[in-house]
Amino acid sequence: MTRFPPRWCENTPDLICLGLSALDYVWTVETFADPGGGKVRASDFRTIGGGMAATAAVTAARLGARVQFWGRAGDDTHGHLMRRDLEERKVDVSNFRLFPGARSSISGVIVDARGERQIVNFRGANQPTDPGWLPLTEIGEAGAVLADPRWPEGAAAVFAAAREKGVPTVLDADVADPEVFDLLLPLTDHAVFSKRALEVYARNAPEPLAKIEAYGCRIAAVTEGSKGVTWREHGQTCHQPAFPVRSVDTTGAGDVFHGAYAFGLAAGAPIAEAFTFASAAAALKCTKPGGRDGIPTLDETLHLWRTAHEHDR
């Protein structure tokens, strides 16, 4: 039986998150435009920081971790806005480097009345791929390292250093070229795929998660939105249902899930509890608008978990 709050929640973990930081331009609409084209009127517009690993870093910081974000962007208006947003949200950006001549990643996000979203992303340009400037000697001080697949060379470097130091690695496995996963999965301890990414990468595998596990991953998982999360550990398949909530905006829910899962691992949570905790955090995020403004606190996340647990008893 789970003790509330779990003892590991009393810890203050250290995390390193590496990968994509983006600037999101978000429009709120009643309904999406027709597939054939057309115009819809927005009821709201916001400019917010985004990106997979960057939002995971904000999530972990919001939950109470000490977090560093390692990444790249252009030395332009967008890059400076991203950096400032992360700093204001208690994320260490000492190793978030803005490169002159590079272009930052920009996303256009449209959210409808049901909380569903459409995204158009420009991933940036002229950002150096060489990870030689990263302070890999600091990896051993982290409780976990999370990376997304948007900077494969950087992710491979930090994952290899983490493997050498015995620090668990978490891959936020969204859709990417197959060769990226071929590179990163052998270095990954916890591979957590989006449903679409797993369908694309393991489309011909009779058991997709078993294919991921075969790379040597301790955990092979897939998030399935309102259906929850399924994972394999030691050849056994487990499932955590999603927490039932009224969804307002799903923007960033997957990033929040990954950040909360990495937080749990770094704090010493058992695997099943880390997945339950991450599911609660992601569900709460969906109840509020905004990819980052809707991220819950530790107390809010534990309250939802406790309430659901007591209801099921």
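Check the entry above for the structure.
Quantities reported herein were computed from a predicted structural model and do not represent experimental measurements.

A short note on the overall build of the protein chain
Reasoning step 1: The number of helices and strands found in the protein chain is nine helices and 13 strands.
Reasoning step 2: Taken over the C-alpha trace, the protein chain has a radius of gyration of 18 Å; the compact-globule value for 313 residues is 20 Å, and the two agree within 12%.
Reasoning step 3: Summarising its shape, the C-alpha atoms of the protein chain cover approximately 50 × 45 × 40 Å along the three principal directions.
Reasoning step 4: When each of the 313 residues of the protein chain is scored for burial, the buried share is 55%.
Reasoning step 5: Residue pairs at least 24 apart in sequence account for 64% of intrachain contacts in the protein chain once pairs closer than 6 positions are excluded.

Focus: unusual backbone geometry
Reasoning step 1: At K90, a residue that is not glycine, the phi angle is positive and equals roughly 70°.
Reasoning step 2: Looking at where K90 falls in the secondary structure, it is placed in the loop between helix 2 (77–88) and strand 5 (96–99).
Reasoning step 3: Although it is not a glycine, N126 sits at a positive phi angle of roughly 60°.
Reasoning step 4: Relative to the assigned elements, N126 resides in the loop between strand 7 (117–122) and strand 8 (144–147).
Reasoning step 5: Here N126 falls in the exposed class, since its relative accessible area comes to 59%.

A short note on the packing of helix 7 (residues 253–267) against helix 8 (residues 271–286)
Reasoning step 1: Look at helix 7 against helix 8: their axes get within 8 Å of each other, and the N-to-C directions meet at 145°. Relative to helix 8, helix 7 is oriented so that their crossing is right-handed. Residue-level inspection shows A253, V256, F257, A260, Y261, F263 and L265 of helix 7 in contact with helix 8, the latter providing I271, A274, F275, F277, A278, S279, A281, A282, K285 and C286.
Reasoning step 2: Of the residues assigned to the contact of helix 7 with helix 8, the class counts are 15 nonpolar, one polar and one charged.

Things to note about the layout of surface pockets
Rolled over the atoms, a probe as big as a water molecule pinpoints where empty space is left.
Reasoning step 1: Put simply, the largest pocket is a space of about 1400 Å³.
Reasoning step 2: Lining of the largest pocket is provided by 48 residues; of these, R117, T250, G252, A253 and G254 occupy positions nearest its centre.
Reasoning step 3: Sorting the residues of the lining of the largest pocket by element identifies strand 2 (22–29), strand 3 (42–50), helix 1 (52–63), strand 6 (105–111), strand 7, helix 5 (195–201), helix 7 and helix 8 as the ones contributing at least two each.
Reasoning step 4: Counting residues per element, the lining of the largest pocket draws most heavily on helix 7, at five residues.
Reasoning step 5: Among the residues forming the lining of the largest pocket, the class breakdown is 17 nonpolar, 19 polar and 12 charged.

Observations regarding the sheet that holds strand 7
Reasoning step 1: Reading across from one edge, 3-2-6-7 is the order of the four strands in this open sheet, with mixed pairing throughout. Strands with a single pairing partner mark the edges of an open sheet, and in this sheet they are strand 3 and strand 7. Geometrically, the sheet is characterised by an average inter-axis angle of 15° between neighbouring strands, direction not taken into account.
Reasoning step 2: In this structure, strand 2 lies alongside strand 3, joined through eight bridges in antiparallel fashion. Note that in strand 3 the partner of V26 across the bridge is R46.
Reasoning step 3: Along the sheet, helix 2 makes contact with strand 2, strand 3 and strand 6, crossing strand 2 at roughly 85°.

The rules behind the values
Residues numbered from 1 in each chain as written. Predicted model: local features only at pLDDT ≥ 70, side-chain atom pairs only at ≥ 80, totals over all residues. Heavy atoms only, no water. Helix = DSSP H or I, 4+ residues; strand = E, 2+ residues; numbered from the N terminus. Rg over C-alpha atoms; globule rule 2.2 N^0.38 Å. Buried < 20%, exposed > 50% of the residue type's maximum accessible area, 1.4 Å probe, protein only. Contact = heavy atoms within 4.5 Å. Axes fitted to C-alpha atoms, helices over the stretch in contact; angles between N-to-C directions. Left-handed = near helix turned anticlockwise from the far one by under 90°. Nonpolar A, V, L, I, M, F, W, Y, C, P; charged D, E, K, R; others polar. 1 Å grid on protein atoms, 1.4 Å probe; cavity = no way out; pocket = protein on both sides within 12 Å on 5 of 7 lines; lining within 4 Å. Points joined across faces, edges and corners; volume = space filled by probe spheres on them. Pairing = 2+ DSSP bridges.

These values are about where atoms sit, not about what they do.
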